[in-house]
Amino acid sequence: MKALVTGSSGLIGSRICSLLLKNGWEVNGMDIRLIPQEGVEPFQCSITDTGSVRRAMKDCDFVFHEAAASSSPMFYPDPREGVSVNVNGSMTIFQLAHEMGVQKVVAASTSSIYGNTAVPSKEDQLLVPPNMYAASKLAMEATGLTHSEITGLPIVFLRYFSVYGLGERRKGNIANMLSQFIWDVLELDGKGRQPVIFGDGKQTRDLIYADDIAEANFLATKKNVGTGIYNVGTGRETNLNELLDIINEAAGRKVSAKYVKNPIKNYIYRTLADTSKTKRVLGFSAKTGVKTGVRAIIDELTAA
Ligand SMILES: NC(=O)c1ccc[n+]([C@@H]2O[C@H](COP(=O)([O-])OP(=O)(O)OC[C@H]3O[C@@H](n4cnc5c(N)ncnc54)[C@H](O)[C@@H]3O)[C@@H](O)[C@H]2O)c1
């Protein structure tokens, strides 16, 4: 099998590449800020560049579409560039995948589009995107679903919950808060920083490890999985106070949080996936608990 992974140098794309290589696939990796990865054929370009995408997609059976303006701060003050990448860039991927005979596209969407609706979130419920990032992902789903309906190209949308994993240092302040808390607790920048928590710390996240996300992508290539939308979370929520306790325990520290007033409009208070559809159709269940994931990240950082 041969695949194109867009956003191949990102947190999730790089783990998908590793998993595919481990399974004996040929992998083309496309990223606008490419970091070479052993075994991956590199294509440094944008998903909005039709000619380059065409070259990178040649002879591919599957496309894993991860490239995106991947967090809300990237959309302010001017949201046009992010919208253009997430909607027009994704449309370029879907359109060329159809033209070039790709069997299926698996595309990254987000739980952010549920906004502050009641949890656990279900795929067929009301969507209330709280920011332009989420709105652009919802627009990607809408245009992709219509494209699939018209052309017959199968597109599987995976709505990831709160993803963390190895190698997040270079994402800086857009890395998952779990990773940022670990950096603070380990005093990686040489100064003892307190993790900043908005409000009382009782807000929760369904935290999922990037290697589990890669596994869900792999399972989505199975023959019986056609166009559709699937939550990819653990079905468990952790509040931020509990998270800091887990990190302190793993690191052997006792760092307290700095609680500040929440400055973010439409801040999401709880995220929790209803995982029943994903389990039933994809056969996916997350394997890595938060304690194990935190341990892996601390080990990676302390070994470096
Ligand atoms: N990390 C999360 O918690 C999370 C949650 C839900 C959904 N997602 C989605 O999953 C996908 C992967 O997320 P991630 O955490 O790995 O993000 P990331 O920011 O680590 O990786 C995205 C990669 O896309 C690349 N990219 C950006 N614009 C591009 C363009 N125009 N052309 C080619 N490459 C481009 C970036 O250079 C980056 O390497 C994204 O679509 C994101 O929106 C992530």
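Predicted, not measured: the structure shown is a model, and the values here were computed from it.

Scoring rules and cut-offs
Residues numbered from 1 in each chain as written. Predicted model: local features only at pLDDT ≥ 70, side-chain atom pairs only at ≥ 80, totals over all residues. Helix = DSSP H or I, 4+ residues; strand = E, 2+ residues; numbered from the N terminus. Rg over C-alpha atoms; globule rule 2.2 N^0.38 Å. Buried ≥ 20, exposed ≤ 12 C-beta atoms within 10 Å, placed from the backbone. Contact = placed C-beta atoms within 7 Å. Domains from an automatic or database assignment. Nonpolar A, V, L, I, M, F, W, Y, C, P; charged D, E, K, R; others polar. Near = placed C-beta within 6 Å. Pairing = 2+ DSSP bridges. Axes fitted to C-alpha atoms, helices over the stretch in contact; angles between N-to-C directions. Right-handed = clockwise from strand over helix to strand, strands pointing away. Core = buried A, V, L, I, M, F, W, Y, C linked by C-beta atoms within 7 Å. Expected span 1.5 Å × (residues − 1). Arc of directions from axis to C-beta.

Regarding its fold elements, the protein chain presents 9 helices and 13 strands. Taking 304 residues into account, the globule formula puts the C-alpha radius of gyration at 19 Å, and the protein chain, at 19 Å, falls close to it. Along the three orthogonal principal directions, the C-alpha set of the protein chain runs to about 55 × 40 × 40 Å. With 304 residues in all, the protein chain has 44% of them scored as buried. Partitioning the contacts of the protein chain with sequence separation of at least 6, the portion at a separation of at least 24 is 77%.

For the rest of this paragraph, the subject is the domain arrangement of the protein chain. Partitioning the protein chain into structural domains gives domain 1 (2–164 + 209–233 + 273–282) and domain 2 (169–204 + 237–272 + 288–303). Each of domain 1 and domain 2 has a C-alpha centre, and these two points are 26 Å apart. Listed by partner, the interface residues are 20 residues for domain 1 and 13 residues for domain 2. At the level of elements, strand E7 (162–164) and helix H6 (210–219) are the ones that each hand at least two residues to the side of domain 1 that touches domain 2. The element that contributes the greatest number of residues to the side of domain 1 that touches domain 2 is E7, accounting for 3 residues. Among the residues forming the side of domain 1 that touches domain 2, the class breakdown is 10 nonpolar, 8 polar and 2 charged.

Near the ligand you find 27 residues, and of these Gly7, Gly10, Ala68, Ala108 and Val163 are the closest. Elements with a contribution of two residues or more to the shell around the ligand: helix H1 (11–22), strand E2 (26–31), helix H3 (80–99), strand E5 (104–110) and E7. The element contributing the most residues to the shell around the ligand is H1, with 3 residues. Of the residues belonging to the shell around the ligand, the class tally is 11 nonpolar, 12 polar and 4 charged.

Once that is clear, we can look at the environment of phenylalanine 157. When you line up the elements, phenylalanine 157 lands in strand E6 (residues 155–160). Measuring from C-alpha to C-alpha, the distance between phenylalanine 157 and leucine 127 comes to 15 Å, with 30 residues separating the pair along the chain. Ignoring sequence-local partners within four residues, the contact set of phenylalanine 157 consists of Ala107, Ser109, Glu141, Gly144 and Ile229.

Let us look at the sheet that holds E5. As summarised here, the arrangement of the 7 strands in space is E3-E2-E1-E4-E5-E6-E11, forming an open sheet in which the pairing is parallel. Strand pairing shows two members of the sheet lacking a second neighbour, strand E3 (40–44) and strand E11 (228–232), which therefore form its edges. For this sheet the average axis-to-axis angle between neighbouring strands, irrespective of direction, equals 20°. Sheet topology places strand E1 (residues 2–6) next to E2; 5 bridges connect them, and they run parallel. Within the sheet, the bridge partner assigned to threonine 6 lies in E2 and is methionine 30. Of the strands in this sheet, strand E4 (62–65), E5, E6 and E11 are in contact with H6, which crosses E6 at around 160°.

Burial analysis of E2 places 5 of its 6 residues in the buried class, which makes it a mostly covered element. The handedness of the E1 to E2 crossover, carried by H1, is right-handed. Bridging between E2 and E3 involves 5 bridges; their strand directions are parallel. Across the sheet, the residue bridging to asparagine 28 is glutamate 41, located in E3.

The biggest cluster of nonpolar side chains holds 76 residues, and the ones touching the most others in it are Ala3, Val63, Val105, Leu158, Ile208 and Ile213. Discounting residues that sit within four places of it in the chain, alanine 3 has contacts with Leu20, Trp25, Val27, Cys60, Asp61, Phe62, Val63 and Phe64.

Quick look at helix H9 (residues 290–303) now. Owing to its 3.6 residues per turn, the α-helix brings residues three or four apart onto one side. Across its 14 residues, H9 extends 20 Å between first and last C-alpha, which sits within 8% of the 20 Å expected from 1.5 Å per residue. By the burial criterion, the buried members of H9 are Val290, Gly293, Val294 and Ile297. Each buried residue of H9 lies within a common arc of 100° when the element is viewed along its axis, so the set occupies one face. Exposed and facing more than 90 degrees away from the buried side of H9 are Thr292, Asp299, Thr302 and Ala303. At its buried positions, H9 is contacted by E7, helix H5 (177–185), strand E10 (207–209), strand E12 (238–239) and helix H7 (240–251).

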